[in-house]
Amino acid sequence: MEEKTIQWHLGLKPAMDLELAKYRANLTYHREYNLNQQALEIDLLVIKKESSLPIENEIGKLFRTYNIIEYKAPADQLNIDTFYKAGAYASLYKAYGDTVNERKSSEITVSVIRKAKPVKLFQYSEEQGTPLENPYCGIYYVKGEVLFPTQIIVTKELDSKEHLWLTALSEGIPKQQFKQLLETIEAFDSKLDRQLADSVLEIAIKANWQVVQELRGDESMCQALLEIMEPEINKIKETVREETRQQGIRNAIAALKASGHTNDAIRTFLEMAYGITQSEAERYL
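Along each chain, residue indices are assigned from 1 in the same order as the chain's sequence is written. Note on the predicted model: pLDDT of at least 70 is required for a residue's local features to be given, and 80 or more for side-chain atom pairs to be given and counted; whole-chain, interface and lining totals, by contrast, use all residues. To get the side-chain values, all heavy atoms of the structure are used, and hydrogens and water are removed first.

1. Quick word on the overall build of the chain
Stated precisely, the cut-off is as follows: Helix and strand labels come from DSSP, where a helix needs a run of H or I of at least four residues and a strand needs a run of E of at least two; each type is numbered from the N terminus. In this analysis, two residues are considered to be in contact whenever any of their non-hydrogen atoms come within 4.5 Å of each other. What sets the accessible areas is the Shrake-Rupley method with a 1.4 Å probe; for residues, cover comes only from the shown protein chains.
For the chain, the helix and strand inventory stands at 9 helices and 7 strands. Expressed along its principal axes, the backbone C-alpha trace of the chain runs to roughly 70 × 50 × 40 Å. Expressed as a percentage of contacts within the chain between residues at least 6 apart in sequence, the contacts between residues at least 24 apart total 61%. Here the chain has roughly 15,200 Å² of accessible surface; of this, 48% comes from carbon and sulfur atoms.

2. Topic: the packing of helix 5 (residues 175-187) against helix 6 (residues 191-207)
The test is simple: Here an axis means a line fitted to C-alpha atoms, over the contact stretch when the element is a helix, while the angle between two N-to-C directions is reported on a 0 to 180 degree scale. Each angle is binned into one of four classes, with values under 35 degrees roughly parallel, values over 145 roughly antiparallel, values of 65 to 115 roughly perpendicular, and all other values oblique. Should the near helix be turned anticlockwise from the far one by less than a right angle, the crossing is termed left-handed; should it be turned clockwise, right-handed.
Close contact between helix 5 and helix 6 brings their axes to 10 Å; oriented N to C, the two are set at 160°. Classified by the angle between their axes, helix 5 and helix 6 sit roughly antiparallel to one another. Seen from above, helix 5 lies across helix 6 with left-handed handedness. The segment helix 5 lies against helix 6, with Phe-178, Leu-181, Leu-182, Ile-185 and Glu-186 engaging Arg-194, Ala-197, Asp-198, Leu-201, Ala-204 and Ile-205.

3. Here we look at the side chain of Asp-17
Our working rule: Using a 1.4 Å probe on the protein chains alone, a residue whose accessible area is under 20% of its type maximum counts as buried, one over 50% counts as exposed, and one in between counts as partly exposed.
Mapped onto the secondary structure, Asp-17 falls in helix 1 (residues 12-19). Among the residues examined, Asp-17 registers a relative accessible area of 4% and is labelled buried. Aside from chain neighbours lying at most four places away, what touches Asp-17 is Arg-24, Tyr-29 and Leu-196.

4. What about the packing of aromatic side chains?
What counts, and what does not: Each Phe, Tyr or Trp ring, with Trp reduced to its six-membered ring, pairs with another whose centre is within 6.5 Å; inter-plane angles below 30 degrees give stacked pairs, above 60 give edge-to-face pairs, and intermediate values give tilted ones.
Counting across every chain of the model gives 5 aromatic pairs. Between Tyr-33 and Tyr-93, the aromatic rings sit 5.5 Å apart at their centres with planes inclined by 75°, giving edge-to-face as the arrangement. Of this pair, Tyr-33 sits in strand 1 (residues 27-34) while Tyr-93 sits in helix 2 (residues 80-95); the two residues are 60 residues apart in sequence, bridging distant segments of the chain. The class for Tyr-93 is buried, based on a relative accessible area of 2%.

5. Focus on the pattern of salt bridges
Stated formally: Note on definitions: salt bridges are taken to be side-chain nitrogens of Lys or Arg within 4 Å of carboxyl oxygens of Asp or Glu.
Taken as a whole, this structure holds 11 salt bridges when the rule is applied. Between Asp-17 and Arg-24 there is a salt bridge whose closest N-O contact spans 2.6 Å. The partly exposed category is assigned to Arg-24, whose relative accessible area is 22%. When the shortest N-O distance is used, the salt bridge between Lys-206 and Glu-202 registers 3.6 Å. Taken together, the residues Lys-206 and Glu-202, both in helix 6 and 4 residues apart, mark about one turn of the helix. Glu-202 sits in the partly exposed class, given a relative accessible area of 23%.

6. Let's talk about the nonpolar core
Note the following rule: Remark: nonpolar core denotes a set of buried residues (Ala, Val, Leu, Ile, Met, Phe, Trp, Tyr, Cys) joined through side-chain atoms within 4.5 Å.
Counting 47 residues, the largest nonpolar core has Met-16, Trp-165 and Phe-178 as its most contacted members. Broken down by element, this core gets its largest block of residues, 8 residues, from helix 6. Residue contacts for Met-16: discarding those within four places in its chain leaves Tyr-29, Leu-44, Ile-59, Phe-63, Ile-69, Ile-113 and Leu-166. Counting residues in hydrophobic clusters, the runner-up holds 22 residues, among them Ile-47, Tyr-89, Ala-90 and Tyr-93.

7. Here's the deal with the sheet that holds strand 3 (residues 66-71)
For the record, the criterion: Here the rule is simple: two strands pair whenever DSSP picks up at least two bridges between them.
Across the sheet, 7 strands lie side by side as 1-2-3-4-7-6-5; this open sheet has mixed pairing. Of all strands in the sheet, those with a lone pairing partner are strand 1 and strand 5 (132-136), marking the two edges. Averaged over all pairs of adjacent strands, the angle between their axes in this sheet comes to 25°, without regard to strand direction. Inspection of the sheet shows strand 3 paired to strand 4 (residues 108-114) by 6 bridges, in the parallel sense. Across the sheet, residue Tyr-71 finds its bridge partner in strand 4, namely Ile-113.

8. Overview of the environment of Asp-218
Tracing the chain through its elements places Asp-218 in the loop between helix 7 (209-216) and helix 8 (223-258). Under the relative-accessibility criterion, Asp-218 is labelled buried at 18%. Those residues in contact with Asp-218 that lie beyond four places of it in its chain are Lys-175 and Lys-179.

9. A short note on the pairing of strand 5
Where strand 5 meets strand 6 (residues 139-142), 3 bridges bridge the pair, whose relative direction is antiparallel. What sits directly across from Tyr-136, in strand 6, is Ile-139. Remark: 2 residues form the turn of the hairpin made by strand 5 and strand 6, two consecutive strands paired antiparallel; Gly-138 in that turn has positive phi of roughly 85°.

Function cannot be read off these values alone, since they describe shape.
So this is what it looks like as structure tokens:
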């Protein structure tokens, strides 16, 4: 399916929640956090309730009290300007506390997540003498001239077994990884975990439709796993049907107009052919 139909950002919060599920009691999540009254939003703000409690997960090791996370969809650019934009959001978040220095700079971190390594950005950093440290596969700490501890997370390089949820927010997932995703979801007992996982699964299905079709014909996939997939598959099928119907209506209107039919005649046609009332037809005309 076309990437523009995939709302990648909607999977960030549930994926991060599942990645850091062990530390859930100490974390709160704020999706699309508004910085002020203007159209400035942080993709995800993660707040540690007890900042002194460590997080052993590789992604969360850098976390302090206030953790700004920016997510770039697979087709989005991550260049020097978008990198500084993430730092600017963190600066604004620090400045917009209720009291002076309420949010201390030493307690703020920045994480930028992207599927592919931002090669040009890394080259620029090297040229400018800003070193990068790579303590774990897919995780790069930015050293040098940054206001806040900053990491760039390259999901393509992460261990998919250790970081199943973030790596699932991608197209081109191998069949084996998709099986692991389904098996993990099927094993969940918690209703919350299942709900979060379903949000990630919906995006993974949309982005990996061919793999889903292959798995549906895989005899090794048990019925329970197919039942997990079925609601999301049906949702996508319904979306495709509706998109096809909408395109059919637009094509019919264009053909009727080209033939010289009046709007009244077109409204009547839409009512007879598609069950659309004449008042509803106005939005097509």
